[in-house]
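An overview of the molecular structure
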Amino acid sequence: MPDEAKLEPTEHGTTPKGEGWFVLNARDARWRSAEGRGAYCVFEGEPEFPQLGMHLVALAPGEAMAMYHWEADQEDFLVLSGEALLIVEGEERPLRQWDFVHCPPETKHVIVGAGTGRCLIVAVGARFESTGPNWGGYTVDKTALRHNASVEEPTTDPHEAYARVPHRQPSAYREGWLPD
């Protein structure tokens, strides 16, 4: 029977230590943010979840969740509040509260904040094939480029893909990232 994981406070929020079950409020969790790139709530600690990645992502209008990419595993997204723009296989699709997006393996995609205020999205991705050198890749897409959400040259290296944008840094929760 799994034990409860310890929760440790840090300057950037609370983090679970060790394997086991836990309850962690998103306002208390660690976040990663960068000007113009939105904020990610990090529920994982050490070790990371081996089977499933899960984040809350807060995006202001025009902020991209990532660079246009594909992964070897499925990814899914649920818009909890606000509006966003999905760019999938080179096409734009508007998203609003409660829209669910399913991306099977190898689906090229990115989500960009839209509308007049911040949006909040749950992002979930499997971790069976999408870790290590064959995780997926970043491809050039003219639609995503218009939203500053595409690489200019194809790559599988995240450091290359994000070299021209600010890096998300550890942060405590900031008021306004989550709805009231």
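I will try to describe carefully the structure that is included in this document. The numbers attached to residues start from 1 for each chain and follow its sequence in the written order. The predicted origin of the model limits local features to residues at a pLDDT of at least 70 and limits the giving and counting of side-chain atom pairs to 80 or more, whereas totals for whole chains, interfaces and linings rest on all residues. To obtain the side-chain values, all non-hydrogen atoms of the structure were included, while hydrogens and water were left out.

Two aromatic rings from Phe, Tyr or Trp, using only the six-membered ring of Trp, form a pair when their centres are within 6.5 Å; if the ring planes differ by under 30 degrees the pair is stacked, by over 60 it is edge-to-face, and anything between is tilted. Inspection of the entire model under this criterion finds six aromatic pairs. Between the aromatic rings of phenylalanine 22 and phenylalanine 49, the centroid separation amounts to 6.3 Å while the plane-to-plane angle is 25°, which identifies the pairing as stacked. With a gap of 27 residues between them, phenylalanine 22 in the loop between β2 (13-17) and β3 (30-34) and phenylalanine 49 in the loop between β4 (38-42) and β5 (52-59) connect regions that are remote in the sequence. Buried means the residue's accessible area, taken with a 1.4 Å probe over protein chains only, is under 20% of the maximum for its type, while exposed means over 50%, and partly exposed covers the values in between. By relative accessible area, phenylalanine 22 is classed as partly exposed at 22%. The class of phenylalanine 49 is partly exposed, set by a relative accessible area of 27%. Summarising the aromatic geometry, the rings of tryptophan 31 and tyrosine 173 are spaced 5.7 Å apart at their centres and angled 50° between planes, so their arrangement reads as tilted. In this pair, tryptophan 31 is assigned in strand β3 and tyrosine 173 in the segment after β14 (169-171), connecting sequence segments 142 residues apart. Residue classification places tryptophan 31 among the buried positions, given a relative accessible area of 0%. Each member of the aromatic cluster is reached from another via a ring pair, and the members are Trp31, Tyr173 and Trp177. Numbering of helices and strands starts at the N terminus; helices are DSSP runs of H or I of at least 4 residues and strands are runs of E of at least 2.

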